[in-house]
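Coordinates in review
Here is what each chain is made of, one letter per residue.
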Amino acid sequence: MTHKLILSSPLLEITISRLCQELIENQIQGIETVILGLQPRGIYFAERIAKELSKHLSEAPQIGQLDATFYRDDYRRRDTVAPNSTNIPFIIENKRVILIDDVLATGRMVRAALDAMTAFGRPAKVELCVLIDRIYNRDLPINADYIGKSVNTLATEKVLVEWTEQGHEADKIWLITHP
Ligand SMILES: O=P(O)(O)OC[C@H]1O[C@H](OP(=O)(O)OP(=O)(O)O)[C@H](O)[C@@H]1O
Ligand SMILES: O=c1cc[nH]c(=O)[nH]1
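Fair warning: this is a prediction, and the values are worked out from it, not measured in the lab. (Residues numbered from 1 in each chain as written. Chains lettered and ligands numbered in written order. Predicted model: local features only at pLDDT ≥ 70, side-chain atom pairs only at ≥ 80, totals over all residues. Heavy atoms only, no water.)

Notes on the confidence of the model for the chain
Residues at a pLDDT of 70 or more form 100% of the chain, whose mean pLDDT is 96. The ipTM for the predicted assembly is 0.93, set against a pTM of 0.96. (pLDDT = per-residue confidence, 0-100.)

Some points on the side chain of Glu 157
The topology assignment puts Glu 157 in the loop between strand 6 (146-152) and strand 7 (158-162). As a buried residue without a salt bridge, Glu 157 has its nearest oppositely charged side chain in Arg 134, at a separation of 5.6 Å. Here Leu 154 takes part through its backbone nitrogen, which lies 2.7 Å from a polar atom of the side chain of Glu 157. Filtering out sequence-adjacent residues up to four positions away, Glu 157 remains in contact with Arg 134, Leu 175, Ile 176 and Thr 177. (Helix = DSSP H or I, 4+ residues; strand = E, 2+ residues; numbered from the N terminus. Buried < 20%, exposed > 50% of the residue type's maximum accessible area, 1.4 Å probe, protein only. Lys, Arg positive; Asp, Glu negative; His and termini not counted. Salt bridge = Lys/Arg side-chain N within 4 Å of Asp/Glu carboxyl O. Polar contact = N/O pair within 3.5 Å; in protein donor to acceptor, adjacent residues only side chain to side chain. Contact = heavy atoms within 4.5 Å.)

Examining the sheet that holds strand 4 (residues 96-104)
Paired through backbone hydrogen bonds, the strands of a sheet run either parallel or antiparallel to each other. A sheet is described by the order of its strands in space; here five strands give the open sequence 3-2-4-5-6, paired in parallel fashion. This sheet does not close on itself; its edge strands, each paired only once, are strand 3 (62-66) and strand 6. Averaged over all pairs of adjacent strands, the angle between strand axes in this sheet comes to 25°, irrespective of strand direction. Relative to strand 3, strand 2 (residues 33-38) runs parallel, the two being bridged by five bridges. Within strand 3, the residue paired with Val 34 across the bridge is Gln 62. Contacts from helix 2 (residues 42-56) reach strand 2, strand 3, strand 4 and strand 5 (125-135) within the one sheet, and its direction differs from that of strand 2 by about 155°. (Pairing = 2+ DSSP bridges. Axes fitted to C-alpha atoms, helices over the stretch in contact; angles between N-to-C directions.)

Here's the deal with the site of ligand 2
Near ligand 2 the following residues occur: Arg 41, Val 103, Ala 105, Arg 134, Lys 158 and Val 159. For ligand 2, an oxygen atom lies 3.4 Å from a polar atom in the side chain of Arg 41. Within the backbone of Val 159, one N or O atom sits 2.7 Å away from an oxygen atom of ligand 2. Relative to its unbound accessible area of 240 Å², ligand 2 is 76% covered by the protein chains. Here ligand 2 is seated within the largest pocket. (Near = heavy atom within 4 Å. Areas by Shrake-Rupley, 256 points an atom, 1.4 Å probe, with all protein chains shown as cover. 1 Å grid on protein atoms, 1.4 Å probe; cavity = no way out; pocket = protein on both sides within 12 Å on 5 of 7 lines; lining within 4 Å. Sits in = over half its atoms within 2 Å of the grid points.)

Here it is as structure tokens:
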């Protein structure tokens, strides 16, 4: 098994800053932007985005966490199912919702998240922001509006995102290849 580093600080910080500029550019007049990080690792990326956005906006965006475990189409096939909490302490009805995740691969997690989100209301608009887009790996017609880095990967490879918030000594994004 080989680990290739594909993104780390300080490039990660530049990437987050650029994504925030794009998110601000696309603000919709009169419509509040809120952030939903997808459990489990999208929540850390969402927190970083929210923190950076708050440096540039008069008001920090509201941020919540969404768990889509039981909406995944494969959850019954998995050996272990470990759901995380959903915490959305605000109304998403008629808001601009930015869904945030660390990796976009098949698109199945995002599809599940869109279903899970429906229980909380009908946003005016939903946009998707991902740190890593594994292009050519999609099973569903889902694409991101904001992309940190696109990587061309084999289906057998995996992207591993490590955040300091999880106890890692540095933020690192790896491409893992099995021999
Ligand atoms: O586009 P997809 O193919 O759905 O993959 C992307 C999702 O997979 C990962 O979660 P998770 O750790 O639950 O997936 P894994 O068990 O496959 O690594 C990752 O954090 C994304 O949420
Ligand atoms: O490469 C991948 C695919 C799905 N989920 C991940 O975290 N990495």
